[in-house]
Amino acid sequence: RPNRLMQGLLTGKTGTIACLVPFISSAYYDYVLQGIVEAAYQEAHHVIILQTHHKLSHTCKALQSIIEQRVDGVLVASGNSEVLPTEILMELWSHGVFPISLDNTRTGLPIDKVLTDESALTTVIAQYLVSLGHQRIAFAGPDGPTKPNRYSGIHESLRRIGLGEFFHHFPCDESAMDWDAYAKTIFQRICTHPTAPTALVAMNDFYAARLIQLAPDYGVRIPQDLSILGCGNLSMGEFTSPPLTTVEQHPLDLGRTAVELLFRRFDEGIPPADIHPETILLPSTLVKRSSCGPPRQGPWCAQQR
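Residues numbered from 1 in each chain as written. Predicted model: local features only at pLDDT ≥ 70, side-chain atom pairs only at ≥ 80, totals over all residues. Heavy atoms only, no water.

K.L.:
I tried to follow the pattern of salt bridges on my own but got confused; where do I start?
P.N.:
Opposite charge on two side chains makes pairing possible when the charged atoms of those side chains draw close. As enumerated under the stated definition, the model contains 11 salt bridges in all. As a salt-bridge pair, Glu118 and Arg150 come within 3.0 Å of each other at their nearest N and O atoms. You can see Glu118 sitting in helix H5 (residues 118-131) and its partner Arg150 sitting in helix H6 (residues 150-160), a full 32 residues away along the chain. Arg150 sits in the buried class, given a relative accessible area of 4%. Among the ionic pairs, Arg264 bridges to Glu268, the shortest N-O distance being 3.9 Å. One end of the pair is Arg264 and the other is Glu268, both in helix H9 (residues 251-268) and 4 residues apart, which spans about a single turn. (Salt bridge = Lys/Arg side-chain N within 4 Å of Asp/Glu carboxyl O. Helix = DSSP H or I, 4+ residues; strand = E, 2+ residues; numbered from the N terminus. Buried < 20%, exposed > 50% of the residue type's maximum accessible area, 1.4 Å probe, protein only.)

This is how it looks when you write it as structure tokens:
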């Protein structure tokens, strides 16, 4: 068997890469990690996985830890709104570690990025719902620097076709989520407001599935009274009633592409601080199921049916 320690001493490479994700339990990042591990295995590398819990302090500690372990590269999906300190990046570079961002991680110096093309994703969503006849569309979920800016993206797509003023946001705080209260806010408006949304875009499939599950409690029929569309194409979407229309973000491909870019950097032989950073945007695919349909005609109230 080859002695990895001796190989590392001779080549300066450890055969190890690291990956930082907000939570290992995340259904989306579970797929991303599968793609990363599979691609790394093909290159005879193993992967260290660390969690950031959306905290900058955890991200910095994790990066310090992997520097001490002499990894060859790190894939970062920190989930932080704060800017990653420049000193950390420079320390990674000084140890020959290549960093690649997998999300909206903000850095003081430009680095390689592999991301979902959020502009294309939000355009696909807006065009599909408008093609069904929807003009009043809402967004459910958090939105901010730690999240893909889907609310703003959909709003901009609708604004370009003259429907931006009819776009509504139901914001929420993930850290103190009360699903019953949140669903009540959404469905009461839909039931009673004369210009209520007829379609709802959820931040991800989990939000969409939860709202579909709670809709009958408020007399809301999906999609007759409200169309719901998710993001992610996670397995839960196939088993909601009705099955969830969603957008496939190809997280397996994202993980594989990030590893391929990392190994391309290894092969180029250019020091990490001297490379010209590249941004790779992955396309999304609309997955049509039964949770979206044409809009209802006029306002309605569940109590009148």
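K.L.:
Can you walk me through empty space enclosed by the protein in this structure?
P.N.:
In total, this model carries 1 cavity of 30 Å³ or more according to the counting rule given. A volume near 40 Å³ is recorded for the largest cavity. Along the walls of the largest cavity sit Val76, Leu84, Leu89, Leu92, Pro99, Ser101, Thr105, Thr107 and Ile111, which together make up its complete lining. Every element with two or more residues in the lining of the largest cavity is listed here: helix H4 (86-94) and strand E5 (98-101). For the lining of the largest cavity, the class distribution of residues is 6 nonpolar, 3 polar and no charged. (1 Å grid on protein atoms, 1.4 Å probe; cavity = no way out; pocket = protein on both sides within 12 Å on 5 of 7 lines; lining within 4 Å. Points joined across faces, edges and corners; volume = space filled by probe spheres on them. Nonpolar A, V, L, I, M, F, W, Y, C, P; charged D, E, K, R; others polar.)

K.L.:
Even after reading the chapter, I still don't get the pairing of strand E1 (residues 16-21), so can you show me in this structure?
P.N.:
Strand residues, when the strand is regular, have side chains that alternate between the two faces of the sheet. Of all the 6 residues making up E1, 6 are buried; the element is thus mostly covered by neighbouring parts of the structure. Residue alternation in E1 divides its side chains into two sets, Thr16, Ala18 and Leu20 and Ile17, Cys19 and Val21, and both sets are buried. Pairing of E1 with strand E2 (residues 46-51) involves 6 bridges; the strand directions are parallel. Within E2, the position partnered with Val21 by the bridge is Gln51. As defined by bridge partners, E1 adjoins strand E3 (residues 73-76) across 4 bridges and the pair is classed as parallel. Bridge pairing in E3 links Cys19 to Leu75. (Pairing = 2+ DSSP bridges.)

K.L.:
Mind showing me how you'd approach the environment of Ala273 here?
P.N.:
You can see Ala273 is positioned in the loop between H9 and strand E13 (279-282). Taking the C-alpha atoms as reference points, Ala273 and Leu89, 184 residues apart in sequence, are found 9.0 Å from one another.

K.L.:
Just to check I follow, could you spell out the packing of H5 against H6 for this structure?
P.N.:
Two quantities define a packed helix pair, namely the angle between the helix axes and the distance between the axes. One can describe the packing of H5 onto H6 by two numbers: an axis separation of 8 Å at closest approach and a directional angle of 55°. Judged on the interaxial angle alone, H6 and H5 are oblique. Crossing of H5 against H6: the hand is right-handed. Note on element contacts: H6 touches H5 through Arg150, Gly153, Ile154, Ser157, Leu158 and Arg160, opposite Glu118, Leu121, Thr122, Thr123, Ile125, Ala126 and Val130. A per-class count over the contact of H5 with H6 returns 6 nonpolar, 4 polar and 3 charged. (Axes fitted to C-alpha atoms, helices over the stretch in contact; angles between N-to-C directions. Parallel < 35°, antiparallel > 145°, perpendicular 65-115°, else oblique. Left-handed = near helix turned anticlockwise from the far one by under 90°. Contact = heavy atoms within 4.5 Å.)

K.L.:
Before we go on, may I ask you to explain the confidence of the model for the protein chain in this structure?
P.N.:
A low pLDDT means the predicted coordinates there should not be read in detail. For the protein chain, the average pLDDT comes to 88, and 91% of its residues sit at 70 or higher. The low-confidence segment residues 301-305 (pLDDT under 50) makes 9 contacts with residues lying over four places distant or belonging to another chain. (pLDDT = per-residue confidence, 0-100.)

K.L.:
Whenever I open this one, the pairing of E5 confuses me. Can you help?
P.N.:
Because side chains alternate across E5, one face comprises the buried residues Phe98 and Ile100, and the other comprises Pro99 and Ser101, equally buried. Note that E3 and E5 share 4 bridges and pair parallel. Residue pairing in the sheet places Leu75 in a bridge with Ile100 of E5. The pairing of E5 with strand E7 (residues 112-116) spans 2 bridges and is classified as parallel. Each bridged residue has a counterpart across the sheet, and for Ser101 the counterpart in E7 is Lys113.

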